[in-house]
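Here is how the chains run, residue by residue.
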Amino acid sequence: MDWGTLQTVLGGVNKHSTSIGKIWLTVLFIFRIMILVVAAEKVWGDEQQDFVCNTLQPGCRNVCYDHFFPISHIRLWALQLIFVSTPALLVAMHVAYTRHEKKRRFRNGEKIDIEELKNETIHIRGPLWWTYTSSIFFRIVFEAVFMYVFYYMYDGYQMPRLVKCDAWPCPNVVDCFVSRPTEKTTFTIFMLAVSGICMVLNLAELCYLVIKICMKVPGKTT
Amino acid sequence: VNKYSTGVGRIWVAVVFMFRLLVYVAAAEDIWKYEHDEFECNIKQPGCENVCFDHFFPVSHIRLWALQLITVSTPSLLVVFHVAYRENREKHHNQKLYRNPGEIDGGLLCTYLISFILKIGFEIVFLVLFYKLYNGFKIPHLVKCDMRPCPSSVDCYISKPTEKMIFLYFLVATSCLCIILNLSELTYLIFK
């Protein structure tokens, strides 16, 4: 899994985040990406091989597995992580664009604060505030959507030990046994909890940014 | 490649990287990993499964996907090579030949336009290839196979068809998005 490159890209975003944003990034890396790569993948690694149905009928296992697991947990988590990390790219692109514009204006001879350009401290205000806030909003939306998709697809967050399947070509209702259900349930609940924490952090960051801008506006008018 | 792109070009690079390459490496590869082992036919005749699998999957989806990613990313290298060639020429003649080697004008504009046309062309070719090879973008649960040495028409079951279909649709959607981005960048450059 090539999450290392995602890590490098997001690491660059760290510079332009608020402190809550930095905590969110840390939680994302350590508790989600790392756990996914190091542990969760191994738990789901043998999911179809060890999905056993109480029948010798060829094809029954394939069909039953496909019926109960239209899209595997591990793939949903990978997609969730990719979608949740993408808004951060918007911010990185905006910052790069701002810097590019400043350099262009400086090259054209306009007077630019050289010290600020050298230090490259980007303050979250003006158009960047809007980009940053919308990126946090989209993060929250994606988290919520995926949490709901998990709940809807798998009827809650528990992995059953046994599923009863009567899809053709299974001769009648057949018992199928899921591999490692307890371990899978544990990881599902863990990822759900961390997802919830990330959502709370994003909400807190959103409130912080909104309050900051609200406090600035009365200051400007006086 | 990012350095020499326009704004839309950078979005294209980001989309290609995040939504196509990362999804391919992080999620899609594992789905197709055991496709041959999990392909099961309702028969004990040795060789029947192999023959049927080969008949229905001449080139696996995942391999086509990888080829698509590689061919679609390659035309961008043309631009990088052209800029490197310009910089090399400047160094060789030891004088400033261009206002800015990375600026999109003259010959470099031609290279840019060619790279876009190639990118769009390759995307469309691969989408058509997927469509023609697999009769649309659907993956059935069950295929009926009557190739030798299978004695008669035999039921063969494909593993994880729904998951594969979801990711196939994802591939088509990102492919179309990339075509749109490339077309808009092409129009923007032409009008400029």
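Every value quoted in this text rests on a predicted model; they were computed, and no experiment measured them. Residue numbering note: each chain is counted from 1, following its sequence as written. For this description, chains carry letters from A and ligands carry numbers from 1, given in the order in which they are written. Local features in this predicted model are restricted to residues whose pLDDT is 70 or higher, and side-chain atom pairs enter the listing and the counts only when it is 80 or higher, whereas totals over whole chains, interfaces and linings include all residues. Based on all heavy atoms of the structure, the side-chain values leave hydrogens and waters out of the count.

1. Regarding the packing of helix 4 (residues 75-93) of chain B against helix 5 (residues 106-133) of chain B
Residue and element names in this part refer to chain B.
1) Next: Inter-axis angles, ranging from 0 to 180 degrees, are taken between N-to-C directions of lines fitted to C-alpha atoms, where helices are fitted over the stretch in contact. Each helix is a run of DSSP H or I of at least 4 residues and each strand a run of E of at least 2, with the numbering of both proceeding from the N terminus. Their axes nearest at 8 Å, the elements helix 4 and helix 5 cross at an angle of 165 degrees. For the element pair helix 4 / helix 5, the angle class is roughly antiparallel. The way helix 4 lies across helix 5 gives a crossing that is right-handed. Packed against helix 4, whose contacting residues are P75, S76, L78, V79, H82, V83 and R86, the element helix 5 presents G107, L108, T111, Y112, S115, L118, K119 and F122 at the interface.
2) Next: Gly is placed with the polar residues, together with every amino acid not listed as nonpolar (Ala, Val, Leu, Ile, Met, Phe, Trp, Tyr, Cys and Pro) or charged (Asp, Glu, Lys and Arg). Residue composition of the contact of helix 4 with helix 5, grouped by class: 8 nonpolar, 5 polar and 2 charged. Should an angle lie under 35 degrees it is considered roughly parallel, over 145 roughly antiparallel, and from 65 to 115 roughly perpendicular; all remaining angles are considered oblique. What makes a crossing left-handed is the near helix being turned counterclockwise from the far one by less than a right angle; a clockwise turn instead makes it right-handed. Contact between two residues is taken to exist if any of their heavy atoms lie within 4.5 Å; hydrogens are not considered.

2. Concerning the interface of chain A and chain B
1) Next: Listed per partner, the contact involves 30 residues of chain A and 31 residues of chain B.
2) Next: The term buried area refers to how much accessible surface (probe radius 1.4 Å) is lost by two components on association, counted for both of them together. Counting each side, the surface lost to burial between chain A and chain B is near 2,700 Å², with a carbon and sulfur contribution of 67%.
3) Next: Of all residues in chain A, the largest losses of buried area upon contact with chain B belong to N62, D66 and R75 of chain A, amounting jointly to 21% of the total for that side.
4) Next: Salt bridge, as used here: a side-chain nitrogen of Lys or Arg that lies within 4 Å of a carboxyl oxygen of Asp or Glu. Summed over the shared surface of chain A and chain B, the result is 1 salt bridge.
5) Next: The salt bridge involving E163 of chain B is made with R75 of chain A; its shortest N-O contact spans 2.8 Å.
6) Next: N or O atoms within 3.5 Å of each other form a polar contact, as long as, within protein, one can give a hydrogen and the other can take it, and as long as residues adjacent in sequence are counted only when both atoms are side-chain atoms. On the surface where chain A and chain B come into contact, there are 8 residue pairs in polar contact (both at pLDDT 80 or more).
7) Next: The set of elements that each furnish at least two residues to the side of chain A that touches chain B consists of helix 1 (3-14), helix 3 (60-68) and helix 4 (73-107) of chain A.
8) Next: The element best represented in the side of chain A that touches chain B is helix 4 of chain A, accounting for 9 residues.
9) Next: A class-by-class count of the residues in the side of chain A that touches chain B yields 17 nonpolar, 9 polar and 4 charged.

3. Some remarks on the sheet that holds strand 2 (residues 162-165) of chain A
Residues and elements named next belong to chain A.
1) Next: The pairing criterion for strands is at least two bridges between them, as found by DSSP. Taking strand neighbours across the sheet as the criterion, the 3 strands line up as 1-3-2 in an open arrangement whose pairing is antiparallel. Each of the sheet's edge strands pairs with one partner strand only, and the pair in question is strand 1 (52-53) and strand 2.
2) Next: Its contacts with the sheet put helix 3 on strand 1, strand 2 and strand 3 (174-177), and the angle it makes with strand 2 is roughly 110 degrees.

4. Digging into the pairing of strand 3 of chain A
All names here are of chain A.
1) Next: Burial classes: relative accessible area under 20% of the type maximum marks a residue as buried, over 50% as exposed, and values in between as partly exposed (1.4 Å probe, protein chains only). Residues V174 and C176 line the buried face of strand 3, whereas the alternating positions D175 and F177 sit on a face that is not buried.
2) Next: Two elements, strand 1 and strand 3, share 2 bridges in a ladder whose sense is antiparallel. When the sheet's bridge partners are listed, C53 is paired in strand 3 with C176.
3) Next: In this sheet, strand 3 lies alongside strand 2 in antiparallel orientation, the contact comprising 4 bridges. When the bridges of strand 3 are listed, C165 appears paired with V174.

5. Observations concerning the UniProt feature "transmembrane region" (unreviewed entry) in chain A
Residues and elements named next belong to chain A.
1) Next: The UniProt record annotates "transmembrane region" (unreviewed entry) at residues 23-40, 77-97, 136-154 and 187-211.
2) Next: Each end of residues 77-97 is marked by a C-alpha atom, and these two atoms are 31 Å apart; helix forms 100% of the span and strand 0%.
3) Next: The span residues 136-154 carries 95% helix and 0% strand; its end-to-end C-alpha distance comes to 27 Å. UniProt positions are given in the numbering used here, feature names are shortened, and annotations may be inferred rather than shown by experiment.

6. Considerations on the sheet that holds strand 1 (residues 40-41) of chain B
Residue and element names in this part refer to chain B.
1) Next: If you walk across this open sheet you meet the 3 strands as 1-3-2, and the pairing is antiparallel. Among the strands making up the open sheet, the edge pair consists of strand 1 and strand 2 (142-145).
2) Next: The sheet contact formed by strand 1 and strand 3 (residues 154-157) spans 2 bridges and is antiparallel. Residue E40 lies in a different strand from strand 3, and its bridge partner there is Y157.

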